[in-house]
Structure formats: structure tokens, C-alpha cells
Amino acid sequence: MNCDEFVELVTVFLDGAMDEPTELRFLTHLTRCDDCEICLDQFKQTIAILGELPAESLPAESLPAPSLPGEASDRLRGAFRAMRRG
């Protein structure tokens, strides 16, 4: 697994929806890549922080759709790739 594949699969991993062979590849990559370890930790921190916010503090229109449209998803992946490059 490379870093691009890792970033694509982070949310699947965090949702517990990853099949066993892919999870093994994911975790193996994680043990070898400090940048992806940081990426995963940032996802976890973001989820924890957002989970602490009271629901009424976010207007309904600011909540994300259940899945990102292709363009938004591509932009998010690009931002994480750029972050990894420093």
C-alpha cells in the first residue's frame, strides 16, 4: 500500500468497514510510514474534537453530506497529499 491508497482508506478504517486483507495492508503501511501515522492521528483528533461540540453549535447547512461529491473528495485528498509533502 502506498500513501495515496492509505489516505483514500482512512475513513473506511475508522468506520470499521475495512475487509481483513486490506486492513492488514493498511496497518502494515502504518507501521512503516510516519507521515500516514500523523495523518491518521489528525483524523482521530478531528473526530474527537468535533464529537465534543454541541449539535446546536453548528448550523444544519454547515454539516457535511453523508458522502463528499467527487470534486470535494479530490480536493480533500489533495490537501492531505500536500500536507504530507510539507
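Above: the structure in question.
What you see is a predicted model; the values in this text were computed from it and never measured. (Residues numbered from 1 in each chain as written. Predicted model: local features only at pLDDT ≥ 70, side-chain atom pairs only at ≥ 80, totals over all residues. Heavy atoms only, no water.)

Enquirer: Let's hear about the overall build of the chain: which residues, and what values?
Expert: Counting its regular elements, the chain contains 4 helices and 0 strands. In the chain, the succession of α and β elements from N to C terminus is α-α-α-α. Considering the chain as a whole, with its 86 residues, one finds that 21% of them fall into the buried category. Total accessible area on the chain stands at roughly 6300 Å², and carbon and sulfur atoms take up 56% of it. (Helix = DSSP H or I, 4+ residues; strand = E, 2+ residues; numbered from the N terminus. Buried < 20%, exposed > 50% of the residue type's maximum accessible area, 1.4 Å probe, protein only. Areas by Shrake-Rupley, 256 points an atom, 1.4 Å probe, with all protein chains shown as cover.)

Enquirer: Residues and numbers for the environment of N2, please.
Expert: Relative to the helices and strands, N2 is located in the segment before α1 (3-14). Given a relative accessible area of 39%, N2 falls into the partly exposed group. In this structure the C-alpha to C-alpha distance between N2 and C33, which are 31 residues apart in sequence, comes to 9.3 Å. Here the side chain of N2 touches E5 through a polar contact of 2.8 Å, landing on its backbone nitrogen. (Polar contact = N/O pair within 3.5 Å; in protein donor to acceptor, adjacent residues only side chain to side chain.)

Enquirer: So what's going on with the packing of α1 against helix α3 (residues 34-52)? Which residues, and what values?
Expert: One way to put it is that α1 packs onto α3 with a least axis distance of 10 Å and a crossing angle of 30°. Comparing their axes, α3 and α1 come out roughly parallel. Handedness of the α1/α3 crossing: right-handed. Residues C3, F6, V7, V10, T11, F13 and L14 of α1 lie in contact with α3, whose contacting residues are C36, C39, L40, F43, K44 and I47. Residues belonging to the contact of α1 with α3 are distributed by class as follows: 11 nonpolar, 1 polar and 1 charged. (Axes fitted to C-alpha atoms, helices over the stretch in contact; angles between N-to-C directions. Parallel < 35°, antiparallel > 145°, perpendicular 65-115°, else oblique. Left-handed = near helix turned anticlockwise from the far one by under 90°. Contact = heavy atoms within 4.5 Å. Nonpolar A, V, L, I, M, F, W, Y, C, P; charged D, E, K, R; others polar.)

Enquirer: Please provide a residue-by-residue account of α3, values included.
Expert: Here α3 contains 19 residues, and its C-alpha end-to-end distance of 27 Å stays within 8% of the 27 Å for a straight helix at 1.5 Å per residue. By the burial criterion, the buried members of α3 are C36, C39, L40 and F43. All buried residues of α3 lie within an arc of 95° about the axis, which places them on one face of the element. Summarising the geometry of α3, the exposed residues directed more than 90 degrees from the buried face are D34, I49 and E52. (Expected span 1.5 Å × (residues − 1). Arc of directions from axis to C-beta.)

Enquirer: Which residues make up a negative patch on the surface, and what are the values?
Expert: A surface patch of like charges, here negative, comprises D34, D35, E37 and D41. As for its position among the elements, D35 is in helix α3. (Patch = residues over 30% accessible without salt bridge, like charges linked within 9 Å, V, L, I, M, F, W, Y side chains within 5 Å. Salt bridge = Lys/Arg side-chain N within 4 Å of Asp/Glu carboxyl O. Lys, Arg positive; Asp, Glu negative; His and termini not counted. Charge placed at Lys NZ, Arg CZ, Asp CG, Glu CD.)

Enquirer: Got a sec to walk through the packing of aromatic side chains? Specific residues and values, please.
Expert: Under the criterion given, the structure shown has 2 aromatic pairs. Relative to F26, the ring of F6 lies with its centre 4.2 Å away and its plane at 10°, an arrangement referred to as stacked. With F6 in helix α1 and F26 in helix α2 (residues 20-32), this pair connects stretches of sequence that are 20 residues apart. The pair formed by F6 and F26 is uniform in burial state, with each residue classed as buried. For the ring pair F13 and F26, a centre distance of 4.5 Å and an interplane angle of 25° mean the geometry is stacked. One end of the pair, F13, is in helix α1; the other, F26, is in helix α2, and 13 residues separate them in sequence. When sorted by exposure, F13 lands in the same class as F26, which is buried. Feature note: the residues F6, F13 and F26 constitute an aromatic cluster, connected by ring pairs. (Phe/Tyr/Trp six-rings, centres within 6.5 Å; stacked < 30°, edge-to-face > 60°.)

Note that all results are geometric; they support no functional claim without further evidence.
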